[in-house]
Amino acid sequence: MEILKNKPNIVIFASDAKHLSYLNSIINEVNQGKFNIFAMICQDTRLKHPLYNKDRFQLLTNVNTKNVIRSHSLGVNLPFKPDWLIVSRERWDPETSIIKEFKNQFNAKIALVEPNSPMVSSINQFLEEHSRNRFINDIDVFFDHSEFIKKQRKLLGFKGNIVVVGNPKHDVNLDINKEHINSLKEIYKIDPNKKQVLFFTLQNKYRYQLFEEFKKFKNKHPEYQYFVKPYPGEPFDPLFNKEYNPKFFIDGVVPILEESHIWGMYHICDVHVGSIGSVMYSSFLLNKEIYEFSNKIGARKNLDSNFDIINGSSGHEDKLEMWLNIFNMNLEDFKKFTSLKNIKPMLKNNKEVWKRLDNNKDVLKMYDEFNDKKASKRIIDYIISYEK
């Protein structure tokens, strides 16, 4: 169709399957005739760059006009001058460069769909939120999941413009048809006479304590069938590659390596085991049998301490040099910045999480303000009202 006059021109970009899962429902909503849309998306589990992996991206548009304006960060010609760019990642390339170009060259408004639900605050989350403040001048709105999560981010010092809309990742991805479920059952050799168990990994210092709990659980229930959901790209990370190759290091546990498979496996697996985090929202939403091990592995303690960062640990997030470089600080200034006196008051709401974990309705409210599969519609409604 021709470009709709007086309608916003929207570009949506996703560099891998994980981030596409936050944006696909928005693409569907945008493509209802209210906007001109151009989407550049990658469905691979491992992140790809549009300039160096162009063949891994799909281009979707609802307009016929071509070659109106060149985007050098995307490496393609756009069919219109963009009014909005929607992404779900901002601190790393390729998204960082794309945001800069769209803001500075096209004068577009930038919307970020939050990819994580950090209900539990910690010193690491404090550092994450402060590091994100470097980008708030380029991003006009951060679409977040719940008022509780917004409150946690603000308490930690995040200064971006947050609008709570719910989590668009769960608008459509859990709506799996029977054919796809049956296909996954064949791929993963699901035994109908057994219960299926889904493990969720961590990448912080509690990773191996959680694995020990997995082993205990598995030894207690040898009659079950076991699967593990890694972080996206984790099996290919040099830090963790040996745990997955030539097979997963816990015998009898099958990794789900394709990010797109996890949605069906959420349904198939009866028992979900892990430590509270973004990945377990679907477990609560589907009312699965949940074993939450944050207390057993010690992950509820010392969340305000900078000891592991200063002295180093096995956690992905506990890299002192990384944080010193990000904040351009020396060690003494960093110690003051992350002191117990500074951090402890910011973590006061964590007790609400621990208190509510046994109440499924309360947990869902903390994850998603609405839980009605209409987050993408709220995002579009916001853009429409903004443009009036």
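Everything below is about the structure shown above.
These numbers were taken from a predicted model, which means no experiment stands behind them.

**Q** Sorry if this is basic, but what is going on with the overall build of the chain here?
**A** Per the secondary structure count, the chain includes 17 helices and 14 strands. Computed over C-alpha atoms, the radius of gyration of the chain comes to 21 Å, within 12% of the 21 Å expected from 2.2 N^0.38 for 388 residues, which places it in the range of a compact globule. In terms of principal-axis extent, the alpha carbons of the chain reach across some 65 × 55 × 40 Å. Total accessible area on the chain stands at roughly 18000 Å², and carbon and sulfur atoms take up 48% of it. With 58 positive and 49 negative side-chain charges, the chain shows a separation of 2 Å between the mean positions of the two kinds.

**Q** Looking at this structure, how should I read the side chain of glutamate 114?
**A** The topology assignment puts glutamate 114 in the loop between strand S7 (109-113) and helix H3 (123-132). Owing to a relative accessible area of 2%, glutamate 114 belongs among the buried residues under this scheme. In contact with glutamate 114, other than residues within four places in its own chain, are Tyr22, Arg132, Phe142, Phe143, Asp144, His145 and Arg153.

**Q** Sorry if this is basic, but what is going on with the sheet that holds strand S2 (residues 36-42) here?
**A** Sheet strands line up and pair through hydrogen bonds in the backbone, either parallel or antiparallel. Pairing is mixed in the open sheet, where 7 strands are placed in the order S3-S2-S1-S6-S7-S8-S9. The open sheet is flanked by strand S3 (57-61) and strand S9 (162-164), the only strands paired with a single partner. In this sheet, adjacent strand axes meet at a mean angle of 20 degrees when their direction is disregarded. Pairing of strand S1 (residues 9-14) with S2, which is carried by 6 bridges, proceeds in the parallel orientation. Bridged to valine 11 within S2 is phenylalanine 38. Against the sheet, helix H1 (residues 17-30) engages S1, S2, strand S6 (84-87) and S7, with an angle of about 155 degrees to S1. Seen against the sheet, helix H2 (residues 95-104) touches S1, S6 and S7 and runs at an angle of roughly 165 degrees to S6.

**Q** Would you take a moment to explain the pairing of strand S11 (residues 225-229) for this structure?
**A** Counting buried positions along S11 yields 5 of 5 residues, so the element is predominantly enclosed. Side-chain alternation along S11 places Gln225, Phe227 and Lys229 on one buried face and Tyr226 and Val228 on a second face that is also buried. Taken together, strand S10 (residues 196-200), helix H7 (residues 207-220) and S11 form a β-α-β motif whose crossover is right-handed. When S11 meets strand S12 (residues 253-255), the two strands line up parallel, connected through 3 bridges. For phenylalanine 227, the partnering residue across the bridge sits in S12 and is valine 254.

**Q** For this particular structure, what's the right way to read the layout of surface pockets?
**A** Gaps between atoms show up when a probe of the same size as a water molecule is rolled over them. Approximately 400 Å³ is the volume found for the second largest pocket. Taken together, 18 residues line the second largest pocket, and the ones lying closest to its centre are Leu20, Asn24, Gln43, Asn173 and Ser260. Ranked by residues supplied to the lining of the second largest pocket, first place goes to H1 with 6 residues. Here the residues of the lining of the second largest pocket sort into 8 nonpolar, 8 polar and 2 charged.

**Q** Would you mind going over the packing of H1 against helix H17 (residues 375-387) with me for this structure?
**A** Packed helices, taken two at a time, are described by their axes: the angle between them and the distance between them. For the pair H1 and H17, the least separation of the axes is 9 Å and the interaxial angle reads 55 degrees. Between H1 and H17, the crossing angle belongs to the class labelled oblique. Read as a crossing pair, H1 and H17 show a hand that is right-handed. Judged by residue contacts, Ser25, Ile26, Glu29 and Val30 of H1 engage Ser376, Lys377, Ile379 and Ile380 from H17. A per-class count over the contact of H1 with H17 returns 4 nonpolar, 2 polar and 2 charged.

**Q** Hey, could you run me through unusual backbone geometry in this one?
**A** Across the chain, the bulk of peptide bonds are trans and the bulk of non-glycine residues have phi less than zero. Residue aspartate 93 is joined to proline 94 through a cis peptide bond whose omega torsion reads 10 degrees. Secondary-structure assignment places proline 94 in the loop between S6 and H2. The step from asparagine 245 to proline 246 runs through a cis peptide bond, and the omega angle for that step is 0 degrees. Although it is not a glycine, asparagine 302 adopts a positive phi angle of roughly 55 degrees. For asparagine 302, the location among the structural elements is in the loop between strand S14 (289-292) and helix H11 (307-311).

**Q** Could you clarify how one ought to interpret the pattern of salt bridges in this entry?
**A** Any two side chains of opposite charge can pair, given that their charged atoms come close. Per the stated rule, a full pass over the model turns up 28 salt bridges. Salt-bridge contacts for aspartate 44 lead to arginine 56; the nearest nitrogen and oxygen are separated by 2.9 Å. Taken together, the residues aspartate 44 in the loop between S2 and S3 and arginine 56 in the loop between S2 and S3 connect sequence positions 12 residues apart. With relative accessibility at 40%, the residue arginine 56 sits in the partly exposed group. One salt bridge connects lysine 151 with glutamate 352, and the closest N-O pair in it is separated by 3.9 Å. Taken together, the residues lysine 151 in helix H4 (residues 147-156) and glutamate 352 in helix H15 (residues 350-356) connect sequence positions 201 residues apart.

Procedures and definitions
- Residues numbered from 1 in each chain as written.
- Predicted model: local features only at pLDDT ≥ 70, side-chain atom pairs only at ≥ 80, totals over all residues.
- Heavy atoms only, no water.
- Helix = DSSP H or I, 4+ residues; strand = E, 2+ residues; numbered from the N terminus.
- Rg over C-alpha atoms; globule rule 2.2 N^0.38 Å.
- Areas by Shrake-Rupley, 256 points an atom, 1.4 Å probe, with all protein chains shown as cover.
- Lys, Arg positive; Asp, Glu negative; His and termini not counted.
- Charge placed at Lys NZ, Arg CZ, Asp CG, Glu CD.
- Buried < 20%, exposed > 50% of the residue type's maximum accessible area, 1.4 Å probe, protein only.
- Contact = heavy atoms within 4.5 Å.
- Pairing = 2+ DSSP bridges.
- Axes fitted to C-alpha atoms, helices over the stretch in contact; angles between N-to-C directions.
- Right-handed = clockwise from strand over helix to strand, strands pointing away.
- 1 Å grid on protein atoms, 1.4 Å probe; cavity = no way out; pocket = protein on both sides within 12 Å on 5 of 7 lines; lining within 4 Å.
- Points joined across faces, edges and corners; volume = space filled by probe spheres on them.
- Nonpolar A, V, L, I, M, F, W, Y, C, P; charged D, E, K, R; others polar.
- Parallel < 35°, antiparallel > 145°, perpendicular 65-115°, else oblique.
- Left-handed = near helix turned anticlockwise from the far one by under 90°.
- Salt bridge = Lys/Arg side-chain N within 4 Å of Asp/Glu carboxyl O.

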